[in-house]
Amino acid sequence: METKPPTPLAVLVGIQTPEVDDVAHQASLEELGRLVKTLGYEVAGTVSQRREGTGAGSLLGSGKLAELAALTGGTGVVSSMVPSSRSKARQRFEGTAAINEQAEHYLDAGRRPGFVIVDHELSPSQIRNLERATGAQVLDRTGVIVEIFHRHANTREAKLQVEMARLKYVAPRLRESSGGSERQQGPGAGESTLDLDRRKIRDRLSELKDQLEAVQRDSDQRRSARQDQLRVALVGYTNAGKSSLMRALTGSQVLVEDKLFATLDTTVRILQPETRPRVLISDTVGFIKQLPHDLVASFRSTLTEALEASLLLFVVDASDLTYEAQLEVSRSVLREIGADAVPSRLVLNKMDRVDAAGRAALAEKHPDAIMLSAHVPEDVSALREIIIAFFEAEMVEDVLVLPYTKQGLIGEVYESARVLSEEYDETGRVLKVRGLPGAITRLRRSLAAL
């Protein structure tokens, strides 16, 4: 019987700067732990330290670096690192580091963490220094997110987008690779290994860009065909429950997992029970603190779903103490693409996890918010009625005459508007309809062109 390899172990590292309070710092580390779990690793311990900033060559002070190395089996020393003198006040400020007691369990079992995961974006030299001191592979927060996106991308478009972001992340870190001064023989002689690797990445990025533009043209055409339809986009922080809500509203079998970034691909489904005209619900990629800009840029098509929607539903995990900070992250990303002009409603999800006092406080703070649980059918039905009422307020009534020679258009009429009444006279079928102004204008153009 084949033995399953043990789950890789990782130590989390966080720096608490003066502008970050204890709650935010702890929440960020817990979120990093969920990211690491999503990556398939197990958190063996946590090293946390207060420092003035994150710009030091080894990130941690020498004492904490030694403690981290004791967990991973490293020397705790960077050869080029010269210990800086610190005042007693500085030592007291930085001395609040804590190592998770869980780490002792793994050490007793003879297992050492092979990964150090840092809750900040690191420079290439910081990664090199930490790896020298700890003997472990070092990943920063951006690297973890990029790797998760790489593993979870399913569609061709998502795979192209993630590969581009991954190469852009890797490219500057090639500067620190060893052996960069070696020269190639034969064609291209004179290029170092590092130069050759960089050129390969540039060529691959150019190739990916062309492929992605072709795929996105097809996506743009599909969105253009839906532009007069009623469209709702679920947006929000990762793991806020968007996929669960999508499943409840549409009856679709979209992936639902208690993981960060369980799904990256935009899913569009029809609101159920179906209405006339139909309402389309799209579930977009989740946001997260410090989401790499290259990923924001790469997922243009996913974000365009939010930009072109008629209504945005900001889905928030109301049971999370940091939900307001998470909501601001979502709004700031959407502001980058101009989607803040789209009408929106706040949806406080997972209310089944909030006690009565918490519910009252949320209701007072967000009186216009929709409070629900995606797992309670009555709550989902109430949200469906709110969505329908939103679009009803935008609709107008009109009369369309469909000549007997053009009855092939009847399907398009029923698809784009609600038919209130239907009569016949000598000119053809007379339809009283109700729908969005844009949809009715398009129907009139179609009738006039035939």
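Reading the values: rules and limits
Residues numbered from 1 in each chain as written. Predicted model: local features only at pLDDT ≥ 70, side-chain atom pairs only at ≥ 80, totals over all residues. Heavy atoms only, no water. Salt bridge = Lys/Arg side-chain N within 4 Å of Asp/Glu carboxyl O. Helix = DSSP H or I, 4+ residues; strand = E, 2+ residues; numbered from the N terminus. Buried < 20%, exposed > 50% of the residue type's maximum accessible area, 1.4 Å probe, protein only. Contact = heavy atoms within 4.5 Å. 1 Å grid on protein atoms, 1.4 Å probe; cavity = no way out; pocket = protein on both sides within 12 Å on 5 of 7 lines; lining within 4 Å. Points joined across faces, edges and corners; volume = space filled by probe spheres on them. Pairing = 2+ DSSP bridges. Axes fitted to C-alpha atoms, helices over the stretch in contact; angles between N-to-C directions. Parallel < 35°, antiparallel > 145°, perpendicular 65-115°, else oblique. Left-handed = near helix turned anticlockwise from the far one by under 90°. Nonpolar A, V, L, I, M, F, W, Y, C, P; charged D, E, K, R; others polar. Phe/Tyr/Trp six-rings, centres within 6.5 Å; stacked < 30°, edge-to-face > 60°. Lys NZ or Arg CZ within 6 Å of the ring centre and 35° of its normal. Core = buried A, V, L, I, M, F, W, Y, C linked by side-chain atoms within 4.5 Å. pLDDT = per-residue confidence, 0-100.

A short note on the pattern of salt bridges
Move 1: Summed over the entire model, instances satisfying the criterion amount to 22 salt bridges.
Move 2: A salt bridge links Arg50 to Asp22; its shortest N-O distance comes to 3.7 Å. Here the residue Arg50 occupies a position in strand E2 (residues 42-50), and Asp22 occupies one in helix H1 (residues 22-38), the gap between them amounting to 28 residues.
Move 3: Within the structure, one salt-bridge network assembled from shared partners comprises Glu392, Glu397, Arg418, Lys432 and Arg434.

Some words on helix H5 (residues 124-134)
Move 1: Looking at H5, one finds that the buried residues are Pro124, Gln126, Ile127, Asn129, Leu130, Ala133 and Thr134.
Move 2: Buried residues along H5 sit in contact with helix H2 (62-72), strand E4 (115-118) and strand E5 (137-140).
Move 3: Two residues or fewer after H5 comes Gly135, characterised by a positive phi angle close to 70°.

Considering the layout of surface pockets
Move 1: Approximately 510 Å³ is the volume found for the largest pocket.
Move 2: Along the walls of the largest pocket sit 25 residues, with Ala24, Ala27, Ser28, Lys289 and Thr322 positioned nearest its centre.
Move 3: Of all the elements in the fold, those that place two or more residues in the lining of the largest pocket are strand E1 (9-16), H1 and helix H12 (323-336).
Move 4: In terms of residues, the lining of the largest pocket owes the most to one element, H1, which gives nine residues.

Focus: the sheet that holds strand E12 (residues 396-403)
Move 1: As summarised here, the arrangement of the three strands in space is E12-E14-E13, forming an open sheet in which the pairing is antiparallel. Each edge of the open sheet carries a strand with a single partner, namely E12 and strand E13 (418-425). Here the average twist between neighbouring strands, direction ignored, is 20°.
Move 2: Taken together, the eight bridges between E12 and strand E14 (residues 428-435) define a ladder with antiparallel strand orientation. Looking across to E14, one finds that Asp398 is bridged to Val433.
Move 3: Along the sheet, helix H16 (residues 437-449) contacts E12 and E14; its crossing angle with E12, the most-contacted strand, is approximately 15°.

Here we look at the packing of helix H6 (residues 141-152) against helix H7 (residues 156-170)
Move 1: For the pair H6 and H7, the least separation of the axes is 9 Å and the interaxial angle reads 155°. In this view, H6 runs roughly antiparallel relative to H7, as classed from their interaxial angle. Taken as a pair, H6 and H7 cross one another with a handedness that is left-handed. Across the interface between the two elements, Thr142, Gly143, Val146, Glu147, Phe149 and His150 from H6 touch Val162, Arg166 and Tyr169 from H7.
Move 2: Of the residues that constitute the contact of H6 with H7, the class distribution is four nonpolar, three polar and two charged.

Examining the packing of H2 against H5
Move 1: Running from N to C, H2 and H5 cross one another at 60°; their axes reach a closest spacing of 8 Å. Between H2 and H5, the angle falls in the class oblique. In contact with Leu65, Leu68, Ala69 and Thr72 of H2, H5 contributes Leu130, Ala133 and Thr134.

A closer look at the packing of aromatic side chains
Move 1: This model, assessed by the stated rule, comprises two aromatic pairs.
Move 2: Pairing Tyr41 with Phe115 gives two aromatic rings, centres 4.5 Å apart and planes at 25°, and the pair type is stacked. With Tyr41 in the loop between H1 and E2 and Phe115 in strand E4, the pair connects residues that are 74 residues apart, well separated along the chain.
Move 3: Here the guanidinium or amino end of Arg331 rests over the ring plane of Phe314, the centre of that ring lying 5.3 Å away.

A short note on the nonpolar core
Move 1: Ranked by size, the top nonpolar core spans 49 residues in total, and within it Ile117, Val235, Phe287, Leu291, Leu312, Leu334 and Leu348 carry the most contacts.
Move 2: Discounting chain neighbours no more than four positions away, the residues touching Leu348 are Val316, Ala318, Leu362, His366, Ala369, Ile370, Met371 and Leu372.

Comments concerning unusual backbone geometry
Move 1: Residue Pro273 is bonded to the preceding Gln272 through a cis peptide linkage, with omega at -10°.
Move 2: Here Pro273 shows up in the loop between strand E7 (267-270) and strand E8 (279-283).
Move 3: The residue after Arg276, namely Pro277, is reached through a cis peptide bond having omega -5°.
Move 4: The backbone of Leu59 sits at a positive phi, close to 70°, despite the residue not being glycine.
Move 5: With respect to the element layout, Leu59 can be found in the loop between E2 and H2.

Brief notes about the pairing of E8
Move 1: Of all the five residues making up E8, five are buried; the element is thus mostly covered by neighbouring parts of the structure.
Move 2: Because side chains alternate across E8, one face comprises the buried residues Val279, Ile281 and Asp283, and the other comprises Leu280 and Ser282, equally buried.
Move 3: As paired strands, strand E6 (residues 230-236) and E8 are joined by five bridges and run parallel to one another. Across the sheet, the residue bridging to Ala233 is Ser282, located in E8.

Here's the deal with the confidence of the model for the chain
Move 1: In the predicted model, the chain carries a mean pLDDT of 82, and 82% of its residues have values of at least 70.
Move 2: Scored below 50 in pLDDT, residues 176-181 shows nine contacts in the model against residues more than four places distant or in partner chains.

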